[in-house]
Amino acid sequence: MGNLIGSRIPPIDSLEKVTGTAVYTSDIDLPGQVYLKLVTSPYAHAKIEDVDYRKALDVPGVVAVFTGKNFPYRFGIYVGDRDMLAIDKALWSGHPVAAVAAESWEAAERAAELIDVEYEELPAVFDVEEAVGPKAPVVHEKLGEYRVFPGLFKPVPGTNMANTFRLRKGNVEKGFEKADIVVRENDFFVPFASHGYMETQNAIALYRVDGTYEIWTSTQSPFAVRNLIALSLGIPMHKIVVHHTYTGGGFGGKAGIGWEPLPMMISKKLRRPVKLVLSRAEQFRSAPLTASFKANARMGMTKDGRIVAYEARFLFDCGAFADYTVNVARTAGYMCGGPYDIDDVFCETIAVYTNKAPTTAFRGFGHPENHFVLELMMEKAAKALGMDPVEFRLKNLLKPGISTTCTGTKLRKDAGRPDIALERAAKAIGWSEEPAEPVEPWKVRAKGIAVLVKGPSQPPNAAASAMVKFNEDATIDVIVGTGNMGQGTVTSLAMIAADAFGIPLEKVRVSPFRSTDSMAYTWQTVGSRGLFTDGQALMKAIEDAKDQIKDVAAQALRVSKEDLEVADGKVFMVGKPWINLKLEDVVMGYMYENGNSIGGPIIGRGHHIATQCTILDPETGQGSPTIFYTFGATGVEIEIDVLTGEVKILRASQAYDIGKAINPLLVEGQAIGGFVMGMSRTLFEELRFDERGNMMNPNFSTYYMVRTKEAPDDIRVELIETPQHDGPHGARGLGENVMVAVAPAIISAINRALGTNIKRLPATRENIVKTIEGQNPDLLERAMRALRLGR
Amino acid sequence: MTVNGERRAVEVKDNELLLDVLRDKLYVKSVKAACWKGECGLCTVLLNDLPVKSCMVLAMEADGADVKTAEYFIKNGELAPVQRSFIEHGALQCGFCTPAFSLAAHHLLQRNPNATREEIKEYLSGIICRCTGYKQIIEAVEDARKYYQK
């Protein structure tokens, strides 16, 4: 073994990225390609009577126009509800109803403006509570006919309910009878938000005369794209080749299927390559966002601070397609109790269709949602008990090897330590000390903290594979399926391979280019699973390669295979390292002096499949949903200007038990980036809709995301390393966990500072000032006075 | 115009953007496009050594001009010092905004090698990064100051 594991090594793709030479799919042009432009519905719900595109066809350079009638197919991973161009009716303002193919972007855009669509407006539904009511307009009349992932989801035909999930652990009513104190809260709310990845969705497709479709796409999931296209269009999988390069951000928004079928189907019709790149406005208005939700909850505690019962109900506003969001909602449900040991739990999550933009996965996948509610309930409960919020949490955290999670599974002994994570996060922000007095007397300071747990939410049979392919000079190509959207997994995988053979990192390559016909299979690059699943597959591939190397070397060196070891770029006899062969003399086969040869090119292979996971019980939601949990905690100290509502993060802490930091530099990058994304969602981000369902802020000027000006200077990352037996070098996943607890930590700090009870996002300046006016006008009065005194 | 040190001739229409001409006509893909309306800063290039958002510049305005993108430095010798610093600090993730940040930061440090942290934050606030949380970017720029101080 080498000494790479645990080193701070810059990402292996840094040079390409810093010079702008890294290739993203939006950079790819194919000879003879045509460009696609979408025409979108201005109505939230409307029957499409007629699409008149005669004028558009007259624009020089226009090749063809397509509508939903050309492509009567639906796609999706969990509920196949998504069309590429509206079939019969438009389901939201922004729903693509036609696509123009032209020789240039400009011709396509000009022609798109000349298309006349005749609509018959239908009653629309925007409110999630209204949508589940008896008189609501039905968004998908044919819901009962859609393809659904077997065993996991049950849409209710004739309603807007895409799925209902219920978790029952113990008996929650009996649990509340044991409680001395019960706290409850209604009207939790989190709005629609954008993933905000910088590379908009795009795809280029090429249909070949032999019936093969080649697709280049900015995705997290090349194999899922292939699978879902094959399922919906009935094309054999080997005739669909999905190519993958660097992905300009994903955050869940490029998981599952994207726009690939549209250029693909058009390419077949036109027999030319077809390129689609969404504009930023199309990205906001027409592509999947993250779902909004409303929730209420109640928590029962004994006087000494034990939680005895917890109940929560969520209504997820999935917009017009609930495809992936049904699983976000299910996950929020089965994780409702978070990192706490509670005997009696009930949770119901309903995924609901409305006539708003469609939704999909977002970094955290149901966990930011359930933790927002749970952790603010913990604050309320601690206050009702008169206990310190950290102490209250410590008393109720899950104990590895002892406690059962809220799906009734005993937590494995090596699952990691939530208690240490909480203590470290608290210590890093000086939890036990009062914040210093603000310099300006119209400002206030406070601290906040939240704990979290998250694991991948994937089907129980999700798999991964890896290959270690030696070249003649004993350099290695590591073949994996997991993608590169900046999360750093490929760098860690390259380090693992180099370390295992004792060769320099420079001798290992993980290609940025992947194709489903030649790369190793992995289900998707989602759920913080990449390092854990593909890493395990790689560890097995390494062992397999070493085994093959030893087979050849044993014969060549006339020693027993059991006495051989592979390290330092050599295969050698343990105890007599001078009896050895260099890897380059073995990995393409070994040749004796007279030319006789044995062995052959070494390709190690390994795979991983989720073990001991179950489909959750349809009545109780009990079972084993995931392959690992990563525990952590986020702490903040903030300062608020009472007069302007401006929140400043003075310091923050991110503590995680990740088992092993393969590369601490990249782990810190995730923890810092995740904090700021969470902070941005908490303080700024909300997509707003007018009364007719039109998105009001589909651009970066009015949908504000944190920039350098607001970026906190002091974010402390605390890493705990309790190894998990089956993780690669003991590691667990982290990519999403880093934003799960940020919102509740910041909001609880705001509430503590202001004496308010904010339970809605975002806490913009305007919303904060309004809340102070409504809930603590005295504070505002005092701040005004302080300002007038001009101290 | 001169693009990354090479003379390039191209016919453009009066309404074409520098960004589109670079990416779609000259196949210079090291300039990125992400909002096409001057809001995100990702299409930043150096036009006659001044940073501009190339989606806000008509291609005609660049007639005879010198245009540099992030690949200029390595193409003509070696990385800009601030680019090296980005790598050392792990100040990039998906990498889509990195070319813009590296150009803007390079220009800032050339102009003001003693820029304070606050000045760096202010100067770079026109460019959006969704991955890194900016901290490592800002620290990379701070750390690179020493290479620009002569």
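Residues numbered from 1 in each chain as written. Chains lettered and ligands numbered in written order. Predicted model: local features only at pLDDT ≥ 70, side-chain atom pairs only at ≥ 80, totals over all residues.

### Thoughts on the overall build of chain B
Moving on, step 1. Looking only at helices and strands, chain B features six helices and five strands.
Moving on, step 2. Counted from the first residue to the last, chain B has its helices and strands arranged as β-β-α-β-β-β-α-α-α-α-α.
Moving on, step 3. Computed over its C-alpha atoms, the radius of gyration of chain B comes to 15 Å, within 12% of the 15 Å expected for a compact globule of 150 residues.
Moving on, step 4. Taken along its principal axes, the extent of the C-alpha atoms in chain B is 40 × 30 × 25 Å.
Moving on, step 5. Counting only residues that meet the buried cut, chain B has 56% of its 150 residues in that class.
Moving on, step 6. At a minimum sequence separation of 6, the contacts of chain B that also span at least 24 residues come to 61%. (Helix = DSSP H or I, 4+ residues; strand = E, 2+ residues; numbered from the N terminus. Rg over C-alpha atoms; globule rule 2.2 N^0.38 Å. Buried ≥ 20, exposed ≤ 12 C-beta atoms within 10 Å, placed from the backbone. Contact = placed C-beta atoms within 7 Å.)

### Remarks on helix α19 (residues 777-789) of chain A
Moving on, step 1. Taking 1.5 Å per residue as the helical rise, α19(A) with its 13 residues ought to reach 18 Å, and the 19 Å between its terminal C-alpha atoms agrees with that figure.
Moving on, step 2. Trailing α19(A) by a residue or two, A:G790 shows a phi angle of about 60 degrees, which is positive. (Expected span 1.5 Å × (residues − 1).)

### Overview of the interface of chain B and chain A
Moving on, step 1. Counting residues at the interface gives 41 residues for chain B and 44 residues for chain A.
Moving on, step 2. At the level of elements, α3 (81-88), α4 (98-111), α5 (117-123) and α6 (135-148) of chain B are the ones that each hand at least two residues to the side of chain B that touches chain A.

### Topic: the packing of helix α10 (residues 367-385) of chain A against helix α17 (residues 742-754) of chain A
Residues and elements named next belong to chain A.
Moving on, step 1. One can describe the packing of α10 onto α17 by two numbers: an axis separation of 8 Å at closest approach and a directional angle of 30 degrees. When the axis of α10 is compared with that of α17, the two are roughly parallel. In this structure, the crossing between α10 and α17 has a hand that is right-handed. Note on element contacts: α17 touches α10 through A743, P744, I747 and S748, opposite P368, H371, F372, E375, L376 and E379.
Moving on, step 2. Class assignment of the residues belonging to the contact of α10 with α17 gives a composition of six nonpolar, two polar and two charged. (Axes fitted to C-alpha atoms, helices over the stretch in contact; angles between N-to-C directions. Parallel < 35°, antiparallel > 145°, perpendicular 65-115°, else oblique. Left-handed = near helix turned anticlockwise from the far one by under 90°. Nonpolar A, V, L, I, M, F, W, Y, C, P; charged D, E, K, R; others polar.)

### Topic: the domain arrangement of chain A
Residues and elements named next belong to chain A.
Moving on, step 1. Each assigned domain of chain A is listed here: domain 1 (32-121) and domain 2 (289-458 + 614-785).
Moving on, step 2. Every contact between the two is made by 13 residues of domain 1 and, on the other side, 16 residues of domain 2.
Moving on, step 3. Classifying every residue of the side of domain 1 that touches domain 2 by side-chain character gives six nonpolar, five polar and two charged. (Domains from an automatic or database assignment.)

### Overview of the domain arrangement of chain B
Residue and element names in this part refer to chain B.
Moving on, step 1. Parsing chain B into structural domains produces domain 1 (2-72) and domain 2 (79-148).
Moving on, step 2. In this assembly, 13 residues from domain 1 lie in contact with 11 residues from domain 2.
Moving on, step 3. Per element, the largest residue contribution to the side of domain 1 that touches domain 2 is three residues, and it comes from strand β3 (residues 44-47).
Moving on, step 4. A class-by-class count of the residues in the side of domain 1 that touches domain 2 yields eight nonpolar, four polar and one charged.

### A word on the sheet that holds β3(B)
Residues and elements named next belong to chain B.
Moving on, step 1. If you trace the five strands from one edge of the open sheet to the other, you get β2-β1-β5-β3-β4, paired in mixed fashion. With one partner strand each, in any of the chains shown, β2 (6-7) and β4 (50-53) form the two edges of the open sheet.
Moving on, step 2. With two bridges joining them, β3 and strand β5 (residues 66-68) adopt antiparallel strand pairing. If you follow L46 over to β5, its bridge partner there is K68.
Moving on, step 3. Where α4 meets the sheet, it contacts β3 and β4, and its direction lies at approximately 40 degrees from that of β3. (Pairing = 2+ DSSP bridges.)

### Structural notes on helix α11 (residues 389-396) of chain A
Moving on, step 1. By the burial criterion, the buried members of α11(A) are A:P389, A:V390, A:F392, A:R393 and A:N396. Angular distribution of buried residues about the axis of α11(A) spans 160 degrees; they occupy a single face of the element. (Arc of directions from axis to C-beta.)

### A word on the sheet that holds strand β29 (residues 630-641) of chain A
All names here are of chain A.
Moving on, step 1. Pairing within the open sheet is mixed, and its four strands lie in the order β18-β29-β30-β31. In this open sheet, the two strands that pair with only one neighbour each are β18 (443-454) and β31 (715-720). Neighbouring strand axes in the sheet, compared pairwise and without regard to direction, differ in orientation by 10 degrees on average.
Moving on, step 2. Here nine bridges tie β29 to strand β30 (residues 647-657), and the two strands are oriented antiparallel to one another. Counted as the bridge partner of A633 is A655 from β30.

### Topic: the packing of helix α15 (residues 664-683) of chain A against α17(A)
The axes of two packed helices give the description: the angle between them and the distance between them.
All names here are of chain A.
Moving on, step 1. For the pair α15 and α17, interaxial distance at closest approach is 8 Å and the crossing angle is 55 degrees. With respect to their mutual orientation, α15 and α17 come out oblique. At the point where α15 passes α17, the crossing takes the right-handed sense. Contacts between α15 and α17 pair F675, G678, M679, R681 and T682 from the former with V742, A743, I746 and I747 from the latter.
Moving on, step 2. Looking at the contact of α15 with α17 residue by residue, the classes come out as six nonpolar, two polar and one charged.

### Description of unusual backbone geometry
Moving on, step 1. Residues A:L761 and A:P762 are joined by a peptide bond in cis, for which omega reads -5 degrees.
Moving on, step 2. Of note, A:P762 is situated in the loop between α17 and α18 (765-775).
Moving on, step 3. Phi at A:F251 takes a positive value of approximately 55 degrees, unusual for a residue other than glycine.
Moving on, step 4. Examined against the element boundaries, A:F251 turns out to sit in the loop between β11 (240-244) and α7 (261-270).
Moving on, step 5. C-beta crowding within 10 Å serves as the criterion here: with 27 such atoms nearby, A:F251 is assigned to the buried category.
Moving on, step 6. Although it is not a glycine, B:N48 adopts a positive phi angle of roughly 50 degrees.
Moving on, step 7. Checked against the element boundaries, B:N48 lands in the loop between β3 and β4.

### Considering the environment of A:K454
Moving on, step 1. Topologically, A:K454 is positioned in strand β18.
Moving on, step 2. With residues up to four places along the chain from it excluded, the contact list for A:K454 reads A:G364, A:H367, A:S528, A:Y629, A:T630, A:E736, A:N737 and A:V740.

### Here's the deal with the nonpolar core
Soluble globular proteins tend to pack their nonpolar side chains together in the buried interior.
Residues and elements named next belong to chain A.
Moving on, step 1. Counting 322 residues, the largest nonpolar core has V100, V478 and A497 as its most contacted members.
Moving on, step 2. Among the elements that line this core, the one with the most residues is helix α14 (residues 530-557), at 12 residues.
Moving on, step 3. Excluding its chain neighbours within four sequence positions, the residues that come into contact with A497 are V468, I476, V478, V508, L538 and I542. (Core = buried A, V, L, I, M, F, W, Y, C linked by C-beta atoms within 7 Å.)

### Re the pairing of strand β28 (residues 603-609) of chain A
Residues and elements named next belong to chain A.
Moving on, step 1. Of the two faces of β28, only the one carrying G604, G606 and H608 is buried; I603, R605, H607 and I609 on the other face are not.
Moving on, step 2. Sheet analysis places strand β19 (residues 463-470) next to β28, joined by seven bridges and oriented antiparallel. Paired with A463 across the bridge in β28 is I609.

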